[in-house]
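Overview (structure and organization)
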Amino acid sequence: VSQSRYCCPWKDRTRIACWQLRRTEEILSLQNKKQKKGDLGQHWTPANVVELMVGLLRLKSGNVLEPTAGSGRFIRYLEDRGYKVKGVELDASVVPADIFDRYDISDFFNWEGGAFDAIIGNPPYVNGRLAEWNTSTWQGDLPSTANLYLHVIEKCVKQHLKPGGEIVFIVPSSLLSGTSLGSS
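Anyway, here's the lowdown on the structure attached to this text. Since the structure is predicted, the reported quantities are computational estimates derived from the model, not experimental observations.

In this section: the pattern of salt bridges. One pass over the structure, following the stated rule, counts eight salt bridges. Between Asp101 and Arg102 there is a salt bridge, and its shortest N-O distance comes to 2.7 Å. By relative accessible area, Asp101 is classed as exposed at 59%. For Arg102, a relative accessible area of 24% translates into the label partly exposed.

We now examine the packing of aromatic side chains. To describe a pair of aromatic rings, you give the distance between the ring centres and the angle between the ring planes. For the structure shown, the criterion picks out three aromatic pairs. Each ring, one from Phe108 and one from Phe109, has its centre 5.8 Å from the other, and the planes form 65°; the classification is edge-to-face. Considered together, Phe108 and Phe109 belong to a single accessibility category, that of buried residues. Chaining the aromatic ring pairs together yields one cluster made of Phe108, Phe109, Trp111 and Phe116. For Arg81, the ring lying beneath its charged end belongs to Tyr77, and the centroid distance is 3.4 Å. A cation over an aromatic ring shows up here: Lys155 above the ring of Phe108, its NZ or CZ 4.3 Å from the ring centre.

Here the focus is the environment of Val49. Within the element layout of this structure, Val49 appears in helix H1 (residues 47-56). Sequence separation between Val49 and Ile170 is 121 residues; the distance between their C-alpha atoms is 9.2 Å.

Looking now at the side chain of His151. Within the secondary structure, His151 is located in helix H3 (residues 148-160). The exposure class assigned to His151 is buried, which follows from its relative accessible area of 4%.

Turning our eyes to something else, we now look at the packing of H1 against helix H2 (residues 73-80). Two quantities define a packed helix pair, namely the angle between the axes and the distance from one axis to the other. As a packed pair, H1 and H2 sit with axes 10 Å apart at the nearest point and diverge in direction by 50°. Compared by their axis directions, H1 and H2 come out oblique. In this structure, H1 crosses over H2, and the sense of that crossing is right-handed. Across from Ala47, Val50, Glu51, Met53 and Val54 in H1, the residues of H2 making contact are Arg73, Phe74, Tyr77 and Leu78. Residue composition of the contact of H1 with H2, by class: seven nonpolar, no polar and two charged.

Looking at where Gly72 falls in the secondary structure, it is placed in the loop between strand E3 (63-66) and H2. The spacing of Gly72 and Pro96 is 24 residues in sequence and 7.3 Å in space, taken between C-alpha atoms. Apart from the residues lying within four places of it in its own chain, the contact partners of Gly72 are Ile99 and Tyr103.

Another aspect to go through is the pairing of strand E7 (residues 161-170). Among the ten residues that make up E7, seven are buried, leaving the element largely enclosed by the rest of the structure. Judged from the five bridges that link them, strand E6 (residues 116-121) and E7 form a sheet pairing that is parallel. Looking at E7, one finds that Ile119 is bridged to Ile167.

About the thresholds
Residues numbered from 1 in each chain as written. Predicted model: local features only at pLDDT ≥ 70, side-chain atom pairs only at ≥ 80, totals over all residues. Heavy atoms only, no water. Salt bridge = Lys/Arg side-chain N within 4 Å of Asp/Glu carboxyl O. Buried < 20%, exposed > 50% of the residue type's maximum accessible area, 1.4 Å probe, protein only. Phe/Tyr/Trp six-rings, centres within 6.5 Å; stacked < 30°, edge-to-face > 60°. Lys NZ or Arg CZ within 6 Å of the ring centre and 35° of its normal. Helix = DSSP H or I, 4+ residues; strand = E, 2+ residues; numbered from the N terminus. Axes fitted to C-alpha atoms, helices over the stretch in contact; angles between N-to-C directions. Parallel < 35°, antiparallel > 145°, perpendicular 65-115°, else oblique. Left-handed = near helix turned anticlockwise from the far one by under 90°. Contact = heavy atoms within 4.5 Å. Nonpolar A, V, L, I, M, F, W, Y, C, P; charged D, E, K, R; others polar. Pairing = 2+ DSSP bridges.

Quick look at the structure:
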């Protein structure tokens, strides 16, 4: 896995480490050319990438949110290292029974939750035109056509990150080119 690091300020209140991880199709497929309306954009993060991402956290303990927690790889890894973790996941069918109590089964955009010291994860990559917005109470500043991962980041920063907190997310290279933003 090769990596490139980009730091970008957001509203002068926190530092967001945006990591672009280049992977082969054998490691993790981030391109889904056959998406259709209602797809969840789920991609399971390999264990070695989870380890790398958790290693990027400056915080060595505290409350951590995984807003699109999937099968719980981040939750398990973080808890094994002493963090207190809350996962949010829309698809209850992917949540392991032995850690189900660490999850809130909810649409993240309707989830009220609290503020966290750190937020980590692999948000879904779904073209905004294909996302299901009809039940969401979240009203961010991005156009509805923006890729879903951008909406996840925006909600995390605006509603769930404590001042001085940090975010570590896997993001596609389209973040740097601006093509994920969609149109107004």
